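A structural walkthrough
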Amino acid sequence: MIIYILLGLIILFAANIFLRTAFFKPEKSKEIKQTPTGIEDSAVENGIVQKFQEMIQHKTISYNDRSKIDFKEFERFKEMLVRNYPRLNEACTRELHGDAGVLYRWPGKIAGDPVVLMSHYDVVPVNEELWTKPAFEGLLENGVIWGRGTLDTKGTLCGVVEAVEKLIGEGFVPETDIYLSFSGDEEISGNSAPTIVEALESRGIRPKLVLDEGGAIVENVFPGVTKPSALIGVGEKGYMDVILEMSGKGGHSSAPPSHTLVGRLAKAVVKLEQHPFKANISPAVKEMFEKMGRHSTFMYRLIFANLWCFGPLLKVLFTKQGGEMNALIRTTLAPTVMEGSQAFNVMPPKAKVGLNLRLMVTDTVESSLARINRIISDPKIQVTCIGGHNASPIASTTSEGWKKVERAIEETWQGTIVSPYLMLAASDSRHFCAISDNVLRFSAMTLSSEERGMIHGNDERITVKALMETVAFYIRLIKQL
C-alpha cells in the first residue's frame, strides 16, 4: 500500500512539473507597426554621422588624477553641442553643473512630473598602440564608425540630441518637461550627476521616468535563448572597494619567517573565495527568469517554470559556472590588486590585496565588511573599506514609463524579447533614485558579444545602422512622453 502511495505521489509530482512547463510559454506576440521616423533619408543619415564623428574627435578622457584631465576638450565638446544643435539650444534652457555636467530643460505643454534622458560624454583612457584604427578620429569605414566612446556612451547621447533636434524642427512639443542630463565625469564617479540631482531636488522635481545607459539588444546571454533580447536594468548592484593590508619587519628573503605577509594575505583570499556570499534569487532576477525562461529550450523551461523545486540546483550550477549568471544571484567578491616587494630577494615590510565587491540589495557595505573580517579571522590583517555604496532600489515593470520604453523598443527592434534585469555595473543613474521611483537603464543599441567586449577595451566601434536605430528609438520614445 505504501509503495502505491509513494508511486502516486511521484506521478503527481512529475505531472505538476511537466504541466507547469507546458504552460510556461511566451506571451502572444504584439503586432506593432513600425512608424517612419524621418531619418531614413541618406542625406539626414550622413548629417547625423558627421556630427557624431565630431563627438568622437573630442578627447573627453576622464582620469582619477585630475591633473591629467584636459578640461579644454570638455569645454569644446559643450560648445560643439551648441553649434551643431541650434534648435535644441534655442528651445531648451541650458545649465552647467559640477565639473562637467550639462542639463537641458525642454518645456512641455503642461506642468507635471518630467522625464529625464541621461548619457555621459566622458570616456576611459586608451592605449592607442593596441587599436587597429585611430581611437579619436571618428573614422568611417565600410559602414562602421571607429572610436572611443562610440558605445560608451556618446552613441546614446547622439541619439538623444538628434531626436530632440529633429522633433523640435517638426514643431513637436512634449506633454511635460523633458530634461537631458549629460555628465562629463561618470567614468570616475564625479560630481556632475549628484550636483544635477541636488538642483532638481531643491526645485521639488520628481521625474516620472529616468532613462540612462544599461542593458542593450543582445543575443545568447541567457541559457537556452537565442532570440535578440532587450534587457532593461530595473536596478543596479552596489559597489565596494576593500583593502587587506599587513605590515612586518621586511628583510632578506633568504631567511623568511614561517608565515610571510604575502602568504597570510593569500590564505585570506583563498578563504574568501571558498566562502562566497549566499545566493539569492531576488524579485528583479526572478522576474527576468520568468520572462526570458519562457523563450528558452525545453530543459531550461522546465527549470525556470519550477524554481520552487529547482531553484537550489540553479544556484549550485551558477555558482560553479561563475560569470554573469552567478553575479545576478549573489554579491560577488573579486581580488583585483596585489602589492608586495619590488624585488625577488626582499621581504616586503608591507603587503596588501585589493578586493572589489558588487553588492546585492540584501547586503550592505557595513554587513559585507563585517563578513570579510569574520571569514578571514586574522586580527593582524587590517581590513579597510576605501569606498562604496549600497545597491539601488528596484523600479517597477508595471509603470507607464516602463511601458513606453518597452513599446519604443518593440517598434524599433521588432520581434525582440523585452525583459528586466539587474545591472551589475554602476552608473550615474543611481543618484537619481533619490528623486525618482522609476529609474531604468537601457543603452538603445544592438551589441554583439564582441562589441560588448569593446566597451572599455580596444577597437571600440559602432555600425551606422546601429547608430540610426538609436536615434529612431529616442524619436519614438519621446513622441509617447
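You'll find the structure just up there.
Bear in mind the structure is a predicted one, so any value in this text is a computation, not a measurement. (Residues numbered from 1 in each chain as written. Predicted model: local features only at pLDDT ≥ 70, side-chain atom pairs only at ≥ 80, totals over all residues. Heavy atoms only, no water.)

Counting its secondary structure elements, the protein chain contains 16 helices and 17 strands. Here the C-alpha radius of gyration of the protein chain, 25 Å, is about what a compact globule of 481 residues would show, namely 23 Å. Here the contacts in the protein chain between residues at least 6 apart in sequence split such that 81% fall between residues at least 24 apart. Here the protein chain has roughly 22,600 Å² of accessible surface; of this, 55% comes from carbon and sulfur atoms. Averaging the positions of the 54 positive and the 56 negative side-chain charges in the protein chain gives two centres separated by 7 Å. (Helix = DSSP H or I, 4+ residues; strand = E, 2+ residues; numbered from the N terminus. Rg over C-alpha atoms; globule rule 2.2 N^0.38 Å. Contact = heavy atoms within 4.5 Å. Areas by Shrake-Rupley, 256 points an atom, 1.4 Å probe, with all protein chains shown as cover. Lys, Arg positive; Asp, Glu negative; His and termini not counted. Charge placed at Lys NZ, Arg CZ, Asp CG, Glu CD.)

Across the sheet, which stays open at both edges, the three strands sit in the order 4-5-17 with antiparallel pairing between neighbours. Each edge of the sheet is formed by a strand with only one pairing partner; in this case those strands are strand 4 (140-141) and strand 17 (461-463). Strands strand 4, strand 5 (144-146) and strand 17 of the sheet are contacted by helix 16 (residues 464-480), whose axis makes an angle of about 75 degrees with strand 17. (Pairing = 2+ DSSP bridges. Axes fitted to C-alpha atoms, helices over the stretch in contact; angles between N-to-C directions.)

So, on to the sheet that holds strand 11 (residues 332-339). Taken in spatial order, the four strands of this open sheet run 11-13-9-14, and their pairing is antiparallel. The open sheet has two edge strands with one neighbour each: strand 11 and strand 14 (382-389). When strand polarity is set aside, the average angle formed by the axes of neighbouring strands in this sheet is 20 degrees. Against the sheet, helix 12 (residues 365-376) engages strand 9 (238-247), strand 11, strand 13 (350-359) and strand 14, with an angle of about 155 degrees to strand 14.

Ranked by internal contacts, the top residues of the largest apolar core, which has 97 residues, are M55, L117, F182, F289, I409, F442 and F473. Of all the elements, helix 16 adds the most residues to this core, at 11 residues. In this structure, F182 is in contact with L81, A100, G101, V102, Y104, L117, S119, Y121, L157, V160 and V161, ignoring residues within four places of it in sequence. Counting residues in hydrophobic clusters, the runner-up holds 21 residues, among them A351, V353, V365 and V383. (Core = buried A, V, L, I, M, F, W, Y, C linked by side-chain atoms within 4.5 Å. Buried < 20%, exposed > 50% of the residue type's maximum accessible area, 1.4 Å probe, protein only.)

Let us now look at the packing of aromatic side chains. Overall, the coordinates contain 14 aromatic pairs when judged by the stated rule. On the numbers, 6.2 Å between centres and 80 degrees between planes, the contact of W413 with F442 is edge-to-face. One end of the pair, W413, is in the loop between helix 13 (400-412) and strand 15 (417-423); the other, F442, is in strand 16 (residues 439-446), with 29 residues separating them in the sequence. F442 shares its class with W413; the two are buried. Measuring from ring centre to ring centre gives 6.0 Å for W413 and F473, while their planes differ by 35 degrees; the resulting arrangement is tilted. Note that W413 is positioned in the loop between helix 13 and strand 15 and F473 in helix 16, a separation of 60 residues in sequence. (Phe/Tyr/Trp six-rings, centres within 6.5 Å; stacked < 30°, edge-to-face > 60°.)

Turning next to the packing of helix 13 against helix 16. The relative placement of two packed helices is expressed as an angle between their axes plus a distance between the axes. The contact between helix 13 and helix 16 brings their axes to 9 Å, and the two run at 140 degrees. One finds that helix 13 runs oblique with respect to helix 16. In the crossing of helix 13 with helix 16, the sense of the turn from one axis to the other is right-handed. Contact residues: K404, V405, R407, A408, I409, E411 and T412 in helix 13; E469, A472, F473, R476, L477 and Q480 in helix 16. (Parallel < 35°, antiparallel > 145°, perpendicular 65-115°, else oblique. Left-handed = near helix turned anticlockwise from the far one by under 90°.)

With that out of the way, let us pick up the packing of helix 2 (residues 42-57) against helix 5 (residues 154-169). Packing of helix 2 against helix 5 leaves a shortest axis separation of 10 Å and a crossing angle of 135 degrees. Taken together, the axes of helix 2 and helix 5 lie oblique to each other. Seen along the crossing, helix 2 lies across helix 5 with a hand that is right-handed. Across the interface between the two elements, I48, K51, F52, M55 and I56 of helix 2 pack against K154, G155, L157, C158, V161 and E162 of helix 5. The class makeup of the residues in the contact of helix 2 with helix 5 is seven nonpolar, one polar and three charged. (Nonpolar A, V, L, I, M, F, W, Y, C, P; charged D, E, K, R; others polar.)

To continue, consider unusual backbone geometry. Note the cis peptide between D152 and T153, where omega equals -15 degrees. Looking at the element boundaries, T153 is found in the loop between strand 5 and helix 5. Although it is not a glycine, N142 adopts a positive phi angle of roughly 55 degrees. Structurally, the position occupied by N142 is in the loop between strand 4 and strand 5. Of note in the backbone geometry, S189 takes a positive phi value of approximately 50 degrees without being a glycine. Examined against the element boundaries, S189 turns out to sit in the loop between strand 6 (178-183) and helix 6 (192-202).

Further remarks concern the pattern of salt bridges. By the definition in use, this model includes 21 salt bridges. Across the pair D99 and R66 runs a salt bridge, and its minimum N-O distance is 2.8 Å. Separated by 33 residues along the polypeptide, D99 in the loop between strand 1 (93-97) and strand 2 (101-106) and R66 in the loop between helix 2 and helix 3 (71-84) bring together distant segments of the chain. When the shortest N-O distance is used, the salt bridge between R203 and E95 registers 3.0 Å. Taken together, the residues R203 in the loop between helix 6 and strand 7 (209-218) and E95 in strand 1 connect sequence positions 108 residues apart. On the accessibility criterion, R203 (43% relative accessible area) is partly exposed. Among the residues examined, E95 registers a relative accessible area of 25% and is labelled partly exposed. (Salt bridge = Lys/Arg side-chain N within 4 Å of Asp/Glu carboxyl O.)

Taken across its six residues, strand 3 (residues 115-120) has six buried, putting it largely inside the fold. Alternating positions in strand 3 separate into two faces, V115, L117 and S119 on one and V116, M118 and H120 on the other, with burial throughout. As paired strands, strand 3 and strand 6 are joined by six bridges and run parallel to one another. Looking at strand 6, one finds that V116 is bridged to Y179. As paired strands, strand 3 and strand 7 are joined by three bridges and run parallel to one another. Residue pairing for strand 7: V116 is matched across the bridge by V210.

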